[in-house]
Amino acid sequence: MMKPVLLIAVIGHVLCGICDCLLGYSPNGRLDLKGALKSPEKMRAVFRDYPVKWAMISILLGVYAITAFGFGYFALSRWMAQYSEAASAVMFVSAVIFLISIVVHHIICGLVEWLYVKLGRTDEAREAVLEFQMKTIATMIAGYLGLLTFLVTLFILILTGKTALPQWACVINTLSFMIILLPAKIPAKGNLAGACMFLGLFLLL
């Protein structure tokens, strides 16, 4: 059952990457969200042609995509139990924190864009959605801390030879792929890195 679950996780990360693109792009190209935060005028211009239905599709599809790749994280934590009960527990708890937090954060990101456009891209709408996002930013922080704990634990256990995998396999990790992808100007780097990790482990295990 391990390999099919890992493959489902690959698909889940790919779908979640598509959801990220639905939030980060419009028919005119990539949304300059950093520039949009600087002024109400720039934010109105950035979202002028944004199809609001894309945000809703991203929210709904993203929940299922995160659920799909979540099975992969739980499968890896269970697999680790044969080598270290403590590491398995750490991976399980950190996966729970990551998945619950990140699905909430994803919904918030989509909701912020949906509400801003639906409310007419006014100054009041901008202030409201940005305040809402800032006051819920803890979900993002908790999510990525959970993911980091999971990935570091997996990396260390493989690197130190505590698992049946060769020690070089420690590089088959989202963190390693993120380092490689960071300079590239491509969207959804985190989900692409996650898909690469699960695909690599699918081929090895």
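Residues numbered from 1 in each chain as written. Predicted model: local features only at pLDDT ≥ 70, side-chain atom pairs only at ≥ 80, totals over all residues. Heavy atoms only, no water.

### Focus: the overall build of the protein chain
No. 1: Counting secondary structure elements, the protein chain contains nine helices and two strands.
No. 2: Against the 2.2 N^0.38 benchmark of 17 Å for 205 residues, the protein chain shows a C-alpha radius of gyration of 18 Å, consistent with a compact globule.
No. 3: On the principal axes, the C-alpha backbone points of the protein chain span a range of 55 × 30 × 30 Å.
No. 4: The 205 residues of the protein chain split such that 45% are buried.
No. 5: Long-range pairs, those at least 24 residues apart, make up 73% of the contacts in the protein chain between residues at least 6 apart in sequence.
No. 6: Surface accessibility of the protein chain: about 10,600 Å² in total, with carbon and sulfur atoms responsible for 72%.
No. 7: Charge centroids of the protein chain, computed over 16 positive and 10 negative side chains, lie 9 Å from each other. (Helix = DSSP H or I, 4+ residues; strand = E, 2+ residues; numbered from the N terminus. Rg over C-alpha atoms; globule rule 2.2 N^0.38 Å. Buried < 20%, exposed > 50% of the residue type's maximum accessible area, 1.4 Å probe, protein only. Contact = heavy atoms within 4.5 Å. Areas by Shrake-Rupley, 256 points an atom, 1.4 Å probe, with all protein chains shown as cover. Lys, Arg positive; Asp, Glu negative; His and termini not counted. Charge placed at Lys NZ, Arg CZ, Asp CG, Glu CD.)

### Some details on the side chain of histidine 105
No. 1: As for its position among the elements, histidine 105 is in helix α5 (residues 85-118).
No. 2: Setting aside its immediate chain neighbours within four residues, histidine 105 contacts Thr139 and Met140.

By themselves, these observations are geometric and do not establish any function.
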